[in-house]
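Take a look at the letters that make up each chain.
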Amino acid sequence: VWIEGEAGAGKSALLRRFLGGLGGEVVVLRGRCYPREALPYKGLDAAVDGLADQLRRWPDDEVAALVPSGAAPLLALFPVLGRVPRLRGARRPVGYEQAQLRVEAFAALRALLGAIARRRPLVLALDDLQWSDEEGVALLEELLRPPAPVPMLFVASRRPTTGALRPALERLREATGGRRLVLGALPRDEAAALARAWLGSTAPAAERIAEETGGNPLFVELLAQAGPGVSMAEALRRAQAELEPGARRLLSLLALAGRPLPLPVAAAAGHVERAELLAALDGLQARRLAVVDESLHPPVALTYHDRIAEAVVAELEPDALREAHHALACALAARGGDAEAVAFHFDRAGELDEALHWLER
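This one's a predicted model, so the numbers in the text were calculated from it and none came from an experiment.

Caption draft 1: Inspection of the nonpolar core at higher detail. Ranked by internal contacts, the top residues of the largest apolar core, which has 57 residues, are Leu250, Leu254, Leu281, Leu284 and Leu289. Broken down by element, this core gets its largest block of residues, eight residues, from helix α13 (residues 245-257). In contact with leucine 284, other than residues within four places in its own chain, are Leu243, Ala247, Leu250, Leu251, Leu254, Leu289 and Ala290. Judged by nonpolar contacts, the second largest core, of 52 residues, contains Leu44, Leu55, Val137 and Leu143.

Structure (structure tokens):
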């Protein structure tokens, strides 16, 4: 299933609602692609992280029956699978050409997922696929290619008009088939009804909001919360201005992170205790500015929408921008965060020696 629609149409919300309603017997591997991420296999790397976590919890004899004999190349592409006891001792291949390594790793993942799918219902769900990369698309082609794709439900959300990968994603969709679920703008009467639900049943501004937002449900809510006569840019500025200083700083950190931020890292970067962090997150979620994903360990927070992140970053002064990047870099480094992300934030903070150190790592 390909969920398509422009920014704010509700693709991610629909996907979350669907996945949240699945039974416990279903194996769900989920990932999300982010524009600022540079590591290969965007989205799929998070799905493989989830796969490793699940395999670690299953009985060893069951995992032994699932792991294919040629699984070692997988560790070169996805080292996280080395946490699985049954794979921990596998010798990583030495002396392989990169192309051959990728072919064998792709085949091993296909075999592993196929073995799982023959025992339990399997769902692979990828959000914001327009931000993926060539490696990720190539791996999806291997998993989904006819005549014998992995017997699973594949669900992806994407913007149909965004990104350099659009031709490749179109070819993938045409080659693999499936259903397109297109989320368009709300009809004007429904957008006005949504605005009235926020403003009050007789609010005359509802029609103007429906027209100005073009029926985009996220922006209908933001404008309705801001009040009559307010533009979208002003609505976002007001939403930030109404926040407590701690919540405003946290929103800035989430916007600059560009990817899900573990709550312990967010607390450290914001110099707040957990209780204060959770209170700030409650306020951000109530205003549709941020969302918390508690399905991960530890839970993570991120901005509700990338347009919100762009508006927040645009309001930051240069000194505040550098300070926030520095705080994120230090918090991630202290907690064993992704070296790429640490390097990125030190670089944006102007600390080039530190950035180089983490890039070398």
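Here the narrative resumes.
Caption draft 2: Looking closely at the side chain of asparagine 216. If you trace the backbone, asparagine 216 turns up in the loop between α10 (205-213) and α11 (217-226). Apart from residues no more than four positions distant in its own chain, asparagine 216 is found in contact with Ala7, Gly8 and Ala9.

Caption draft 3: How the structure looks around helix α7 (residues 134-144). Along α7, eight of the 11 residues are buried, which leaves the element largely enclosed by surrounding structure. Those residues of α7 that fall on the buried side of the exposure criterion are Gly136, Val137, Ala138, Leu139, Leu140, Glu142, Leu143 and Leu144. Looking at the buried side of α7, the elements it contacts are α2 (44-57), α6 (98-117), β3 (122-127), β4 (153-158) and α8 (166-176).

Caption draft 4: Fine view of the packing of helix α9 (residues 188-199) against α10. At a minimum axis separation of 8 Å, α9 and α10 run at an interaxial angle of 125°. Between α9 and α10, the angle falls in the class oblique. Where α9 crosses over α10, the handedness of that crossing is right-handed. Of the residues in α10, those in contact with Arg188, Ala191, Ala192, Ala195, Arg196 and Leu199 of α9 are Ala205, Ala206, Glu207, Ile209, Ala210 and Glu211. Classifying every residue of the contact of α9 with α10 gives eight nonpolar, no polar and four charged.

Caption draft 5: The pattern of salt bridges, seen in detail. If you walk through the whole model with that rule in mind, you get 20 salt bridges. Notably, a salt bridge pairs aspartate 60 with arginine 86, separated by 2.6 Å at the nearest N-O pair. Residue aspartate 60 is located in helix α3 (residues 60-66), and its partner arginine 86 is located in helix α5 (residues 85-88); the two are separated by 26 residues in the primary sequence. Between arginine 145 and glutamate 142 there is a salt bridge, with its nearest N and O atoms 3.1 Å apart. On the basis of relative accessibility, which here comes to 35%, the residue arginine 145 falls in the partly exposed class. Judged by relative accessible area, which is 16%, glutamate 142 ranks as buried. A network of salt bridges, in which partner residues are shared, links Glu4, Arg158, Glu170, Arg173 and Arg180.

Caption draft 6: Up close: the sheet that holds strand β1 (residues 2-4). What the five strands build is an open sheet, ordered β2-β3-β4-β1-β5; its pairing is parallel. The open sheet is flanked by β2 (27-32) and β5 (180-182), the only strands paired with a single partner. Between one strand and the next, the sheet's axes are offset by a mean angle of 15°, whatever the strand orientation. Bridging between β1 and β4 involves three bridges; their strand directions are parallel. Among the inter-strand pairings, tryptophan 2 is bridged to a residue of β4, identified as alanine 156. Contacts between helix α1 (residues 11-20) and the sheet are confined to β1, β2, β3, β4 and β5, with β3 contributing the most and set at about 160° to the helix.

Caption draft 7: View of a nonpolar patch on the surface. There is a patch of nonpolar side chains on the surface, built from Val1, Leu14, Phe18, Leu153 and Leu181 and spanning about 340 Å² of accessible area. Within the element layout of this structure, valine 1 appears in the segment before β1.

Caption draft 8: Quick look at the pairing of β4. Among the six residues in β4, five count as buried, and that is most of the element. Of the strand pairs in this sheet, β3 and β4 are connected by four bridges, and their pairing is parallel. In the sheet register, alanine 125 faces β4, and the bridge partner there is valine 155. For the crossover that starts at β3, traverses α7 and ends in the parallel β4, the hand is right-handed.

Caption draft 9: Region of the structure containing unusual backbone geometry. In this structure, proline 147 follows proline 146 across a cis peptide bond, with omega equal to 10°. Looking at where proline 147 falls in the secondary structure, it is placed in the loop between α7 and β4. Even without being a glycine, aspartate 128 presents a positive backbone phi close to 55°. Along the polypeptide, aspartate 128 turns up in the loop between β3 and α7.

Caption draft 10: Structural detail: the environment of leucine 19. Following the sequence through the fold, leucine 19 ends up in helix α1. With relative accessibility at 9%, the residue leucine 19 sits in the buried group. Distance in space between the C-alpha atoms of leucine 19 and leucine 144 is 20 Å, their sequence separation being 125 residues. When near neighbours in sequence (up to four residues on either side) are disregarded, leucine 19 contacts Val28, Arg30, Val123 and Ala125.

Here is what the cut-offs are and how they apply
- Residues numbered from 1 in each chain as written.
- Predicted model: local features only at pLDDT ≥ 70, side-chain atom pairs only at ≥ 80, totals over all residues.
- Heavy atoms only, no water.
- Core = buried A, V, L, I, M, F, W, Y, C linked by side-chain atoms within 4.5 Å.
- Buried < 20%, exposed > 50% of the residue type's maximum accessible area, 1.4 Å probe, protein only.
- Helix = DSSP H or I, 4+ residues; strand = E, 2+ residues; numbered from the N terminus.
- Contact = heavy atoms within 4.5 Å.
- Axes fitted to C-alpha atoms, helices over the stretch in contact; angles between N-to-C directions.
- Parallel < 35°, antiparallel > 145°, perpendicular 65-115°, else oblique.
- Left-handed = near helix turned anticlockwise from the far one by under 90°.
- Nonpolar A, V, L, I, M, F, W, Y, C, P; charged D, E, K, R; others polar.
- Salt bridge = Lys/Arg side-chain N within 4 Å of Asp/Glu carboxyl O.
- Pairing = 2+ DSSP bridges.
- Patch = residues over 30% accessible without salt bridge, like charges linked within 9 Å, V, L, I, M, F, W, Y side chains within 5 Å.
- Areas by Shrake-Rupley, 256 points an atom, 1.4 Å probe, with all protein chains shown as cover.
- Right-handed = clockwise from strand over helix to strand, strands pointing away.

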